[in-house]
Amino acid sequence: MIWGQQHVIDSLQKRLSEASDEEQAFLLNQLSFENILVGNLEDAQSFALKAKEKAIATQNLNEEGIAYKHTGIILNYSNKTSEAKTDYKKAIELFSQTENFDQLIKVYHNLSNLYLGQGNFSKVFEHLSIAESISKEHEIISVPLMGSLSNFYQLTGDFEKSLHYALESLKYAELENDLEGVAYAYNSLGKIYLHNNEIEKAKESYIKSSEIYRELERNLQVAILYNNLGTIYGKQGEFEKALEYCYQSLELKKELHYNEGILFSYLAIGDLYLSMDKEKEAFKYYTDGIELAKEAGVDHLLSHFQNKAGVLLFYQKEYENAQQNLVESNKIAKANSSLEILSNNYHYLSKIDSVRGDFKGALTYFQKYTDVKDSLYDKAKLQQMEEMQIRFETV
């Protein structure tokens, strides 16, 4: 752990040893939060559970709610999403009783991030809408919420709205001297500029964000940004520089035992090697990703790795192994309604049958591919209609 962060934790523990019963729940929650920030989830969980006990003993509903919020975050990081939802819902009940609207916004925001990790965009939209409604009704400015709204609209393809929320987020974060918010906003802007092919603006935004997060000693965020910078250098064809950033990102995530983040790094590194025509190295990271995703139970990323491996095997003319990976990927993609992966899988399964001379099978898969492509188009149109009808009032 970085010395500065350890100093904060040591200071809180000293205060805890001298605190009254009423103060202990607050300090235990602070210790839980600080350990979450540095990725020490075991200690974070221990402090949160102790905070919950103290809060219940002293009938402090707000601190009890914060403890449930923290255990929800920890469980989500540990891929225990069902238990995380239960704890988040308990936090919502408690904050509703105390009318702690600031914390309610944070919990609904956290739930939206949980559903984002599962690829459930309708639930993401639902919970962001609730959080923003509370924010507007009670005139509470939430910089992280604006950042997530920017991220949501980016993922759903509305980059105009995404840019609007990112710039609003940056403006309010700078006004409040909220360094965390400023760093998050620059990260959001980096992703938007990257999509718009404004590469230098994207790089500048990511570098600014990573510098602030390094100053704040937020290793997880630094790791994510290094991965983003690796993506940018890869787009510019500077593959060695890209790999340097991605490997730094991977090492930080391993130190934090952040399996989902490690998987994203495997994807990025594998894709970089593929761009360098180093298929053997790319395939190793895709298969390592399959193994870790199975072990960690991260199914939504497992289907990505199986798709990547299947496509690569197709081009290597290993059709049987390619088909096996694509079929396995489809099982998960169907369960998760991951239409983009389904579409790609059906496309290559059709190609495999065609190469083998099974034109009936190829036609069947091609029809499924066409149907899913149509569903993707209909889904995009439906989302546009829903946004017109619902409209956002805009740790």
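Bear in mind the structure is a predicted one, so any value in this text is a computation, not a measurement.

**Re the overall build of the protein**
Reasoning step 1: Across its full length, the protein carries 19 helices and 0 strands.
Reasoning step 2: Taking 21 Å as the expected radius of gyration for a compact globule of 395 residues, we find that the protein reaches 23 Å, a close match to that expectation.
Reasoning step 3: In terms of principal-axis extent, the alpha carbons of the protein reach across some 75 × 45 × 40 Å.
Reasoning step 4: Split into buried and exposed, the 395 residues of the protein put 50% on the buried side.
Reasoning step 5: Here the protein displays about 19600 Å² of accessible surface, and carbon together with sulfur accounts for 48% of that area.
Reasoning step 6: Charged side chains of the protein number 41 positive and 59 negative; the gap between the two group centres comes to 5 Å.

**Quick word on the pattern of salt bridges**
Reasoning step 1: Counting across every chain of the model gives 13 salt bridges.
Reasoning step 2: Arg218 serves as the salt-bridge partner of Glu180, at 2.5 Å between the closest nitrogen and oxygen. Of this pair, Glu180 sits in helix 10 (residues 179-195) while Arg218 sits in the loop between helix 11 (199-215) and helix 12 (219-235), and the two are 38 residues apart along the sequence.
Reasoning step 3: Assessed through its relative accessible area of 27%, Glu180 is described here as partly exposed.
Reasoning step 4: Here Lys331 ties to Glu328 by a salt bridge, and the two come within 3.0 Å at their closest N and O atoms. Of the two residues, Lys331 and Glu328 are both situated in helix 17 (residues 319-335); the distance of 3 residues between them amounts to about one turn of the helix.

**Some details on empty space enclosed by the protein**
Reasoning step 1: As a volume, the largest cavity reaches approximately 100 Å³.
Reasoning step 2: Looking at the largest cavity, the residues that line it are Ile36, Val38, Gly39, Leu41, Tyr77, Leu220, Leu256, His257 and Tyr258.
Reasoning step 3: Taken together, the residues of the lining of the largest cavity break down into 7 nonpolar, 2 polar and no charged.
Reasoning step 4: Empty space within the second largest cavity amounts to approximately 40 Å³.
Reasoning step 5: Every residue lining the second largest cavity is listed: Ser112, Asn113, Leu116, Val124, Leu128, Ser148, Asn151 and Phe152.

**Focus: the nonpolar core**
Reasoning step 1: Of all hydrophobic cores here, the largest spans 87 residues; its most connected members are Tyr88, Leu263, Tyr266, Ile269, Tyr273 and Phe305.
Reasoning step 2: In contact with Leu263, other than residues within four places in its own chain, are Gly289, Leu292, Ala293, Val298, Leu301 and Phe305.
Reasoning step 3: Core analysis: the next-biggest nonpolar cluster, separate from the first, contains 17 residues, Ala322, Leu339, Leu349 and Tyr369 among them.

**Notes on the packing of aromatic side chains**
Reasoning step 1: As enumerated under the stated definition, the model contains 16 aromatic pairs in all.
Reasoning step 2: Within the aromatic cluster, the residues linked to one another by ring pairs are Phe121, Phe125, Phe152, Tyr153 and Tyr165.
Reasoning step 3: For Lys52, the ring lying beneath its charged end belongs to Tyr68, and the centroid distance is 4.0 Å.

**Focus: the environment of Leu170**
Reasoning step 1: Position of Leu170 among the secondary structure elements: in helix 9 (residues 159-175).
Reasoning step 2: In this structure, the C-alpha to C-alpha distance between Leu170 and Ser188, residues 18 residues apart in sequence, is 9.4 Å.
Reasoning step 3: Apart from residues lying up to four places away in sequence, Leu170 is in contact with Val182, Ala185, Tyr186 and Leu189.

**What to know about helix 16 (residues 299-315)**
Reasoning step 1: For helix 16, with 17 residues, the first-to-last C-alpha span of 25 Å sits near the 24 Å given by 1.5 Å per residue.
Reasoning step 2: By the criterion of burial, helix 16 is predominantly enclosed, with 12 of the 17 residues buried.
Reasoning step 3: When we look at burial in helix 16, the residues that qualify are Leu301, Leu302, Ser303, Phe305, Gln306, Asn307, Ala309, Gly310, Val311, Leu312, Leu313 and Phe314.
Reasoning step 4: Looking at the buried residues of helix 16, the elements they touch are helix 14 (259-275), helix 15 (279-296), helix 17 and helix 18 (339-356).

**Some points on unusual backbone geometry**
Backbone phi values are negative for most residues with the exception of glycine, while trans is the configuration of most peptide bonds.
Reasoning step 1: At Asn79, a position not held by glycine, the phi torsion is positive, near 65°.
Reasoning step 2: Mapped onto the fold, Asn79 is located in the loop between helix 4 (61-77) and helix 5 (81-98).

**A look at the side chain of Ser205**
Reasoning step 1: Mapping Ser205 onto the fold places it in helix 11.
Reasoning step 2: For Ser205, a relative accessible area of 5% gives the class buried.
Reasoning step 3: If we skip the residues at most four places from it in the chain, Ser205 touches Tyr186, Leu189, Gly190 and Tyr193.

Parameters at a glance
Residues numbered from 1 in each chain as written. Predicted model: local features only at pLDDT ≥ 70, side-chain atom pairs only at ≥ 80, totals over all residues. Heavy atoms only, no water. Helix = DSSP H or I, 4+ residues; strand = E, 2+ residues; numbered from the N terminus. Rg over C-alpha atoms; globule rule 2.2 N^0.38 Å. Buried < 20%, exposed > 50% of the residue type's maximum accessible area, 1.4 Å probe, protein only. Areas by Shrake-Rupley, 256 points an atom, 1.4 Å probe, with all protein chains shown as cover. Lys, Arg positive; Asp, Glu negative; His and termini not counted. Charge placed at Lys NZ, Arg CZ, Asp CG, Glu CD. Salt bridge = Lys/Arg side-chain N within 4 Å of Asp/Glu carboxyl O. 1 Å grid on protein atoms, 1.4 Å probe; cavity = no way out; pocket = protein on both sides within 12 Å on 5 of 7 lines; lining within 4 Å. Points joined across faces, edges and corners; volume = space filled by probe spheres on them. Nonpolar A, V, L, I, M, F, W, Y, C, P; charged D, E, K, R; others polar. Core = buried A, V, L, I, M, F, W, Y, C linked by side-chain atoms within 4.5 Å. Contact = heavy atoms within 4.5 Å. Phe/Tyr/Trp six-rings, centres within 6.5 Å; stacked < 30°, edge-to-face > 60°. Lys NZ or Arg CZ within 6 Å of the ring centre and 35° of its normal. Expected span 1.5 Å × (residues − 1).

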